[in-house]
Amino acid sequence: MTAALAQDLAAAPYTVEGLEEAWGRTAADALGRDDPEPALAELARRAPSAAGVLGRLLVLGDPVDGSAAAAALPRLGLDGAEALGLLRVEDGRAIPLVDVRPYALADESGVASWWIVSDQGEVALGGELPEEHVLGAGAASSTLAQVLVPTGDGVVLDLGTGSGVQALMAARTAGRVVATDVSARALRFAALNAELNGVHLDLREGSLYEPVAGERFDRIVTNPPFVITPRGADGVPAYTYRDGGFAGDGLVEAVVRGARDHLTDGGIAQLLGNWEVTGDQVAARDRVLGWADGLDVWVVQRDLLDPAQYAETWVRDGGAQPGTRRFRALVRAWLDDFAARGVTAVGAGYVTLRRPSGAPTLRRFEHLESPVGSGVGAAIAAGLAAHDRLAALDDARLAGQVLAVAPDVTEHRHYWPGDADPTVLELRQGTGFARTRRVDTVTAAVVGACDGELPVGRLVAAVAELLDADPGTTTAAVLPVVRELLVEGFLTFR
Ligand SMILES: C[S@@+](CC[C@H](N)C(=O)[O-])C[C@H]1O[C@@H](n2cnc3c(N)ncnc32)[C@H](O)[C@@H]1O
């Protein structure tokens, strides 16, 4: 039956492009904002197509005429669709029961597309989600997918697989993928998605690392249920998809702390997370880094929300509408919970952990809110490699290295009107983290001279001479910046 469904979806064609053709770009954009009306309006105006009928049923959650659904699923048929739990037929109408979406991705491992079957979202349900809701491929799934260092052909663990999105992605190159979830319902979706997309997954039920006790992985990938949720407050829903049942950010701490015992030497774990800020920023930073005891750790904090912003975001995510009494009661429960622990802000971002063969050498926490470019995963992999190389180089040996400016880097100069010299010099990256870094004249000149020909120490000395500066002092000031520029990817080793 699943094979027949795959054939029908392929024939439709039920792809990102096929759906966009069925209802147009504007409607696709509106759907991205959870507004289905433009898509429904377009479908009513246009000649019916298989992709349009399936999209109406399985994305918009709108019942369709049974004969139209049967025509769009000629191999599976309505009986097969009912048996798979996709829909039920009532009074000649096909009533959707799940969400099925095409999901496409292009990264270092190539271009791929899948169909993801999951529970229906708010748009289809027209109200709040049930607590056992199983997510499809959402914005957070894509964020994690974009920051993953290339998976390689080792053994991968997808912890909290949900409908299996990360596991399907990992399976493109991995030798074996183990995917776990505490929710049996989620694992049923993951099994269906694996079969539908012709992928083998080793699916296991259980909490956190329980299902993989004693096992190690080359990669751990997890978009865990990191949403901080008030415990014991009346009426606060405990959504399995986003709430691990811990107080505060305990779930994220448990995932980070547990990684060390489940990674091979050199193995990498990557996760999305939220963490509470109770003291100053330095204390908050040290607290998160401290969870990664015995591991190399690199935290990229992408956002810092105050308690009210955080509460509103997650109360709205569950489907409660701003302005209602329920919305206000839930926000209050979150605020009281944060106040009880003295939480003044919540950080959100991604964490990369690596099990070193010796003592850990990397402890990096950065706040980076600006939009990132393509290839963040590759930038993290390159940053780790640069860090390792630098760890073995003292300043004298670094000075002997030949470096080059990365091809996506541009220099930007800002002048006060009428001034001959720039007041601000910036280096900007076009890809990866797309960082902008302010540099001084000496560093800009050294970076500009890094053309893969001469050792960087000679370039620093030449720039110092040109600017009438002391070569020793200049070298001592510039080399630490050069180290940072190498980890950040502005400069590369030759
Ligand atoms: C945010 S969803 C991630 C789904 C999917 N991996 C993705 O990236 O879109 C989190 C998943 O973790 C699961 N989960 C919740 N508590 C868990 C626990 N204690 N141990 C393992 N998985 C858990 C939920 O059922 C849910 O499927």
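By the naming in an unreviewed UniProt entry, the chain is Methyltransferase, taken from Amnibacterium endophyticum. In its Sequence similarities (unreviewed entry) section, the UniProt entry covering the chain states "Belongs to the eukaryotic/archaeal PrmC-related family."

A word on the overall build of the chain. Per the secondary structure count, the chain includes 19 helices and 19 strands. For the chain, whose C-alpha radius of gyration is 26 Å, the value lies close to the compact-globule estimate of 23 Å for 494 residues. In terms of overall dimensions, the chain has a C-alpha envelope of 90 × 50 × 50 Å along the principal axes. The 494 residues of the chain split such that 49% are buried. Here the chain displays about 21700 Å² of accessible surface, and carbon together with sulfur accounts for 51% of that area. Charge centroids of the chain, computed over 43 positive and 67 negative side chains, lie 1 Å from each other.

Membership of the largest hydrophobic core comes to 77 residues, with the highest contact counts inside it found for Tyr310, Trp334 and Leu353. Core analysis: the second largest hydrophobic core is formed by 39 residues, Val53, Leu57, Val64 and Leu86 among them.

A separate point is the UniProt feature "domain: DUF7059" (unreviewed entry) in the chain. Per the UniProt record, "domain: DUF7059" (unreviewed entry) is annotated on residues 11-93. The span residues 11-93 is 60% helix and 8% strand, and its two end C-alpha atoms sit 23 Å from each other.

Quick look at unusual backbone geometry now. Residues apart from glycine generally show negative phi values, whereas peptide bonds are mostly found in trans. With an omega dihedral of -15°, the bond running from alanine 12 to proline 13 counts as a cis peptide bond. At leucine 208, a residue that is not glycine, the phi angle is positive and equals roughly 45°.

Bringing the sheet that holds strand β15 (residues 409-414) into the picture now. If you trace the three strands from one edge of the open sheet to the other, you get β15-β16-β17, paired in antiparallel fashion. Of all the strands in the sheet, just β15 and β17 (436-439) have a single pairing partner and so form its edges. Averaged over all pairs of adjacent strands, the angle between strand axes in this sheet comes to 25°, irrespective of strand direction. Sheet topology places β15 next to strand β16 (residues 424-429); six bridges connect them, and they run antiparallel. Bridging across to β16, histidine 412 finds its partner in glutamate 426. Contacts between helix α19 (residues 471-488) and the sheet are confined to β16 and β17, with β17 contributing the most and set at about 165° to the helix.

This paragraph deals with the sheet that holds strand β1 (residues 64-65). Taken in spatial order, the three strands of this open sheet run β1-β3-β2, and their pairing is antiparallel. Looking at the sheet topology across the chains shown, the edges are occupied by β1 and β2 (87-90).

A few words on the site of the ligand. Neighbouring the ligand are 16 residues, the closest being Ser141, Gly160, Asp181, Ser207 and Leu208. Residue serine 141 places a side-chain N or O atom 2.6 Å away from an oxygen atom belonging to the ligand. Protein burial of the ligand: of its 600 Å² of free accessible surface, 95% is covered by the chains. Partitioned by chemical class, the residues of the shell around the ligand number five nonpolar, ten polar and one charged.

Moving on, we come to the packing of aromatic side chains. Inspection of every chain in the model, using the stated rule, returns seven aromatic pairs. For the ring pair phenylalanine 226 and tryptophan 314, a centre distance of 6.3 Å and an interplane angle of 80° mean the geometry is edge-to-face. In this pair, phenylalanine 226 sits in the loop between β9 (217-222) and α11 (250-259) while tryptophan 314 sits in helix α13 (residues 307-317), placing the two residues 88 residues apart along the sequence. Each ring, one from tryptophan 275 and one from phenylalanine 365, has its centre 6.5 Å from the other, and the planes form 70°; the classification is edge-to-face. Taken as a pair, tryptophan 275 in strand β10 (residues 263-277) and phenylalanine 365 in strand β13 (residues 363-367) lie far apart in primary sequence, 90 residues in all. For the pair shown, tryptophan 275 and phenylalanine 365 are each scored as buried. Members of the aromatic cluster, connected to one another through ring pairs, are Phe226, Tyr310, Trp314 and Phe338.

So, on to the pattern of salt bridges. Under the criterion given, the structure shown has 34 salt bridges. Residue glutamate 411 pairs with arginine 413 through a salt bridge whose shortest N-O separation is 2.7 Å. What makes arginine 413 partly exposed here is its relative accessible area of 46%. Where salt bridges share partners, they join Arg364, Glu366, Arg435, Arg437, Glu484 and Glu488 into one cluster.

Of all the positions in helix α18 (residues 456-466), only Val456, Gly457, Leu459, Val460, Val463 and Ala464 are classed as buried. Taken around the axis of α18, the buried residues stretch over an arc of 160°, which confines them to a single face. Across from the buried face of α18, at angles greater than 90 degrees, the exposed residues are Arg458, Glu465 and Leu466. At its buried positions, α18 is contacted by α16 (395-399), β14 (402-405), α17 (441-449), β18 (451-455) and α19. Immediately beyond the C-terminal end of α18, within one or two residues, lies aspartate 468, with a positive phi of roughly 60°.

Right, let's get into the side chain of asparagine 197. Along the chain, asparagine 197 turns up in the loop between α10 (184-196) and β8 (202-205). Asparagine 197 has contacts with Trp114, Trp115 and Leu168, leaving out every residue within four places of it along the chain.

Moving on: the side chain of arginine 483. The topology assignment puts arginine 483 in helix α19. A distance of 2.9 Å separates a polar atom in the side chain of arginine 483 from a polar atom in the side chain of aspartate 395. Sequence-distant contacts of arginine 483, that is, excluding residues within four places in its chain, are made with Leu390, Leu393, Asp394, Asp395 and Leu398.

Per the UniProt record, the feature "domain: DUF7782" (unreviewed entry) sits at residues 395-491. Structurally, residues 395-491 comprises 44% helix and 27% strand, and the distance from its first C-alpha atom to its last is 16 Å.

Attention shifts here to the environment of valine 447. Within the fold, valine 447 resides in helix α17. You can call valine 447 buried: its relative accessible area is 4%. Contacts of valine 447, omitting those with residues within four sequence positions, involve Val405, Leu427, Leu485 and Leu491.

Conventions used here
Residues numbered from 1 in each chain as written. Predicted model: local features only at pLDDT ≥ 70, side-chain atom pairs only at ≥ 80, totals over all residues. Heavy atoms only, no water. UniProt positions renumbered as here; feature names shortened; annotations may be inferred. Helix = DSSP H or I, 4+ residues; strand = E, 2+ residues; numbered from the N terminus. Rg over C-alpha atoms; globule rule 2.2 N^0.38 Å. Buried < 20%, exposed > 50% of the residue type's maximum accessible area, 1.4 Å probe, protein only. Areas by Shrake-Rupley, 256 points an atom, 1.4 Å probe, with all protein chains shown as cover. Lys, Arg positive; Asp, Glu negative; His and termini not counted. Charge placed at Lys NZ, Arg CZ, Asp CG, Glu CD. Core = buried A, V, L, I, M, F, W, Y, C linked by side-chain atoms within 4.5 Å. Pairing = 2+ DSSP bridges. Axes fitted to C-alpha atoms, helices over the stretch in contact; angles between N-to-C directions. Contact = heavy atoms within 4.5 Å. Near = heavy atom within 4 Å. Polar contact = N/O pair within 3.5 Å; in protein donor to acceptor, adjacent residues only side chain to side chain. Nonpolar A, V, L, I, M, F, W, Y, C, P; charged D, E, K, R; others polar. Phe/Tyr/Trp six-rings, centres within 6.5 Å; stacked < 30°, edge-to-face > 60°. Salt bridge = Lys/Arg side-chain N within 4 Å of Asp/Glu carboxyl O. Arc of directions from axis to C-beta.

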